[in-house]
Amino acid sequence: MSTLTISAIRKSYGTVETLKGIDVALESGEFLVLLGASGCGKSTLLNIIAGLAEPTSGDIRIDERSIIGVHPKDRDIAMVFQSYALYPNLTVHRNIGFGLEMRKVDKATRDRAVHETAKLLQIENLLERKPGQLSGGQRQRVAIGRALVRNPKIFLFDEPLSNLDAKLRMEMRTELKRLHQLTKTTVVYVTHDQIEAMTLATRIAVMRNGRIEQLDTPETIYNRPATLYVATFVGAPPMNLLAGAADRGGVRIDGTDIAVPVPGLESVPPGRRLVLGIRPEAIGTSGQGLPLAARCEVAELTGPELVVTAIIGSQRLVATLPASTKIKPGDEIALSADPALFHVFDAETEQRLN
Amino acid sequence: MSSTWMTTRAWLLMLPLLVIMIAVIGWPMIDTVRLSFTDAKLVGTGGSFVGIDNYVKMLSSSNFQRALYATTWFAVVSVAAEMVIGVLAALLLNQQFYGRAVLRALLILPWALPTVVNATLWRLIYNPEYGALNSALTQIGLLDSYRSWLGEPGTAMTALIVADCWKNFPLVAFIALAALQAVPRDITAASLVDGAGPFNRFRFVILPYLAGPLMVALVLRTIEAFKVFDIIWVMTRGGPANSTRTLSILVYQEAFSFQRAGSGASLALVVTLIVTVLAVGYGMLVRRTAGSAT
């Protein structure tokens, strides 16, 4: 149970600055997900927290103790790697107990801790095997066990689920959530998978080009994305972005006569280029809210829902509708959306306006 | 295309090479076996059949036993030293430092030198009158007067082993260096977080990835060392007082210096047998270690 404070962290490799001032303060027991595309700096930040890389400037504190310059082993952190990073010639038992062994914990205590952890992760039957004899999911459990057994102040996860197949990934995600609820340890978790971020995090830091675009709860990230980038990064299918212009406290969608009044846009000068964001799941066929007349181009049934790609004016719009909706390509359809769920961004600054 | 034709064609294509192999390796081997049961001289008539006399005499002779001992000593010590120095050099050259690329390139130099050149070079270094070793050791006060390193039975073998090590450790170093590149960064990082110091990191993280390739180096080097001839021939010719006479030198002396083709052949076959046993045994070991880091 520890707090983690990251202040003004910068990291440069030669002339390339990969982290441009990162500030995050985590309460004890928080689950922070660093979310971003590859190259955004999220793994670099994690490595800096772990002590595997040193920042160019800035400070990191665990419970008020600065850990800059402290050896990784003395930071009281545990890390789970994407490639599992198990020791190939040691049994699962010794892999899990390795950190304790290196810290000269006596064998009886070590064995007890290993068995408890193995029980928690349901891998007791694998303890005498070598990593080469395990499946991907089992290896990941061992890797998590190795981190868990040390009972560290902070857990670091570097894309731990990205090498697993889809079904296993979902299982392990739930497992991680369960473990976090159980241990209440502070976690920093790196991923590029927005579903993982949404489901696991207490807070998400969406990163881009070495900066945090938005640091907020999953609900806020989803419901009120602060920038155009965050809006498109979170949500599947991604948010529809319609080009438009400011028009008397609202947005006029390009190529249509549709003008949408949006609260909060009253002060925006008319004619200003805007982007209107509408999540596919905010669009319905109930007729309530703003009517959007469109023509169906493609209809894809995914099982639980029907994903319709429609043309509105000269722009494309994706809507996720109930699976029972009867729509075929070429149909003229009457879609509607609640303006309260609209997101409006300045086309130039990409910042949220409403 | 029928499989019969494929097989026939394969054999046809291999035929020229096969003929050459049989002519230059197969036939001499068979003839060596025949010779080993005769008292043939190098020149003159074919000699007469003497049964296993050559083998009995040779195996019970003190010359053979001393040569076997010298060969084993040479092989064990020089290969062990080459492995240790090679791995240490590889670990060093795997670190990030200024001038690493140059050093890596320089490392291959001793190994790239022809053995005869290397041997001549070391003979100069060991020279009792103007050798660099004598000069260096007296200048730093470790030696009172110049010594004949290759001329004294007590030091000749060690001097040879040093020269052989210098030539061959780069091979081990390069194999180890290649293997070190294959150690996953994540595992190294995990061991750092887990609190493993340099020794434990080497033992639990690096060694599993090094074991297979090192085993190959060990096999190659041991077999080579057991057959050693050229470096010794150039530096000491098996002397002084036969203290550096290894099996290959003994075979050469027996067959060519003393012109006893028959007993030379029997000796050569015994050496071949020893090396074959080593090779097969090691081969089995390699197959077992290869699966250690997967």
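Residues numbered from 1 in each chain as written. Chains lettered and ligands numbered in written order. Predicted model: local features only at pLDDT ≥ 70, side-chain atom pairs only at ≥ 80, totals over all residues.

As a further point, take the overall build of chain B. For chain B, the count of helices and strands is 13 helices and 0 strands. Its helices and strands taken in sequence order, chain B reads α-α-α-α-α-α-α-α-α-α-α-α-α from the N to the C terminus. For chain B, the C-alpha radius of gyration of 24 Å lies well beyond 19 Å, the compact-globule estimate for 294 residues. Projected onto its principal axes, the C-alpha positions of chain B cover 75 × 75 × 30 Å. Taking all 294 residues of chain B together, the buried fraction comes to 32%. (Helix = DSSP H or I, 4+ residues; strand = E, 2+ residues; numbered from the N terminus. Rg over C-alpha atoms; globule rule 2.2 N^0.38 Å. Buried ≥ 20, exposed ≤ 12 C-beta atoms within 10 Å, placed from the backbone.)

Moving on, we come to the overall build of chain A. What chain A contains, in helices and strands, is 8 helices and 20 strands. Across the 354 residues in chain A, those meeting the buried criterion constitute 42%.

To continue, consider the sheet that holds strand E14 (residues 273-278) of chain A. Residues and elements named next belong to chain A. With antiparallel pairing, 5 strands are arranged side by side in an open sheet as E13-E12-E11-E14-E20. In this open sheet, the two edge strands, each paired with only one partner strand, are strand E13 (259-261) and strand E20 (343-346). Neighbouring strand axes in the sheet, compared pairwise and without regard to direction, differ in orientation by 40° on average. Both strand E11 (residues 240-246) and E14 contribute to a ladder of 6 bridges, which runs antiparallel. What sits directly across from Leu242, in E14, is Leu276. (Pairing = 2+ DSSP bridges. Axes fitted to C-alpha atoms, helices over the stretch in contact; angles between N-to-C directions.)

It is worth spelling out the interface of chain A and chain B at this point. Contacts between the two partners involve 19 residues from chain A, matched on the other side by 17 residues from chain B. Sorting the residues of the side of chain A that touches chain B by element identifies strand E6 (77-80) and helix H2 (92-102) of chain A as the ones contributing at least two each. (Contact = placed C-beta atoms within 7 Å.)

In this section: the UniProt feature "domain: ABC transporter" (unreviewed entry) in chain A. Per the UniProt record, "domain: ABC transporter" (unreviewed entry) is annotated on residues 4-234 of chain A. Spanning residues 4-234 of chain A, this segment combines 36% helix with 26% strand, and its end C-alpha atoms are found 25 Å apart. (UniProt positions renumbered as here; feature names shortened; annotations may be inferred.)

On to helix H10 (residues 198-226) of chain B. A rise of 1.5 Å per residue sets the reference length of H10 of chain B, with its 29 residues, at 42 Å; its end C-alpha atoms lie only 34 Å apart and thus fall more than 12% short of the reference. Taking the largest bend as the criterion, H10 of chain B deviates by roughly 60°, centred on Leu207 of chain B, and proline Pro208 of chain B comes between one and four positions later. (Expected span 1.5 Å × (residues − 1). Bend = angle between axes of the 7 residues up to and from the residue.)

The subject of this paragraph is unusual backbone geometry. All names here are of chain A. For the bond running from Ala236 to Pro237, omega is -5°, close enough to zero to count as cis. The residue Pro237 is located in the loop between helix H8 (228-233) and E11 in this model. Positive phi, normally seen in glycine, also occurs at Asp63, with a value near 50°. Inspection of the secondary structure assignment puts Asp63 in the loop between strand E4 (57-62) and strand E5 (65-66). For Asp63, a count of 15 C-beta atoms within 10 Å puts it in the partly exposed group. Unusually for a residue other than glycine, Glu350 sits at a positive phi of about 65°.

Attention now goes to the pairing of strand E3 (residues 31-35) of chain A. All names here are of chain A. Across the 5 residues of E3, 5 count as buried, placing the element largely inside the fold. A two-sided burial pattern is seen for E3, the buried positions comprising Phe31, Val33 and Leu35 on one face and Leu32 and Leu34 on the other. Taken together, the 5 bridges between E3 and strand E8 (residues 186-191) define a ladder with parallel strand orientation. Its bridge partner being in E8, Val33 is matched across the sheet by Tyr189. The pairing of E3 with strand E9 (residues 203-208) spans 4 bridges and is classified as parallel. Bridging from a neighbouring strand, Leu34 pairs with Ala205 of E9.

In the numbering adopted here, UniProt assigns the feature "transmembrane region" (unreviewed entry) to residues 12-30, 67-93, 105-125, 156-183, 204-223 and 265-285 of chain B. A helix fraction of 86% and a strand fraction of 0% characterise residues 105-125 of chain B, whose end C-alpha atoms lie 23 Å from each other.

We now examine the domain arrangement of chain A. Residue and element names in this part refer to chain A. For chain A, the assigned domains are domain 1 (4-232) and domain 2 (237-346). Computed from C-alpha coordinates alone, the two centres of domain 1 and domain 2 are separated by 38 Å. Contacts between domain 1 and domain 2 engage 4 residues on the former and 7 residues on the latter. Partitioning the side of domain 1 that touches domain 2 into residue classes produces 3 nonpolar, 1 polar and no charged. (Domains from an automatic or database assignment. Nonpolar A, V, L, I, M, F, W, Y, C, P; charged D, E, K, R; others polar.)

The next thing to look at is the UniProt feature "domain: ABC transmembrane type-1" (unreviewed entry) in chain B. As annotated in UniProt, the feature "domain: ABC transmembrane type-1" (unreviewed entry) corresponds to residues 68-286 of chain B in the numbering used here. As a span, residues 68-286 of chain B carries 77% helix and 0% strand, and end to end its C-alpha atoms are 25 Å apart.

On average, residues of chain B score 88 in pLDDT, and 97% of them are at 70 or above. Two numbers describe this predicted complex: its pTM, 0.78, and its ipTM, 0.81. (pLDDT = per-residue confidence, 0-100.)

All names here are of chain A. As judged from the 5 bridges shared by strand E1 (residues 4-13) and E4, these two strands associate in the antiparallel manner. Counted as the bridge partner of Ile6 is Ile60 from E4. Strand direction decides the pairing type here: E4 and E5, joined by 2 bridges, are antiparallel. Within E5, the residue paired with Arg61 across the bridge is Ser66. Hairpin connection, E4 to E5: the antiparallel pair is bridged by 2 residues, and Asp63 has positive phi, about 50°.

Residue position: Tyr87 of chain A is located in the loop between E6 and H2. In this structure the C-alpha to C-alpha distance between Tyr87 of chain A and Glu213 of chain A, which are 126 residues apart in sequence, comes to 37 Å. When sequence neighbours within four positions are dropped, the list of residues in contact with Tyr87 of chain A reads Asn95 and Phe98 of chain A together with Ile187, Phe204 and Val205 of chain B.

Attention shifts here to the sheet that holds E3 of chain A. All names here are of chain A. Spatially, the 6 strands line up as an open sheet ordered E6-E7-E8-E3-E9-E10, and their pairing is mixed. Sheet topology places E6 and strand E10 (211-216) at the edges, where each strand pairs with a single neighbour. Each strand axis lies, on average, 15° off the axis of its neighbour in the sheet, ignoring direction. Strand contacts of helix H4 (residues 136-148): E6 and strand E7 (154-158), with the helix running at about 175° to E6, the strand carrying the most contacts.

In this section: the environment of Val234 of chain B. Residue and element names in this part refer to chain B. With respect to the helices and strands, the residue Val234 is situated in helix H11 (residues 230-235). Measuring from C-alpha to C-alpha, the distance between Val234 and Val116 comes to 6.7 Å, with 118 residues separating the pair along the chain. Other than its neighbours up to four places away in sequence, Val234 contacts Val116, Ala119 and Thr120.

Here we take up the packing of H2 of chain A against H4 of chain A. All names here are of chain A. Two elements in contact, H2 and H4, have axes separated by 7 Å at closest approach and are oriented at 30°. Relative to H4, H2 is oriented roughly parallel. In this structure, H2 meets H4 at a crossing whose hand is right-handed. Across the interface between the two elements, Val92, Asn95, Ile96, Phe98 and Gly99 from H2 touch Val142, Gly145 and Arg146 from H4. (Parallel < 35°, antiparallel > 145°, perpendicular 65-115°, else oblique. Left-handed = near helix turned anticlockwise from the far one by under 90°.)

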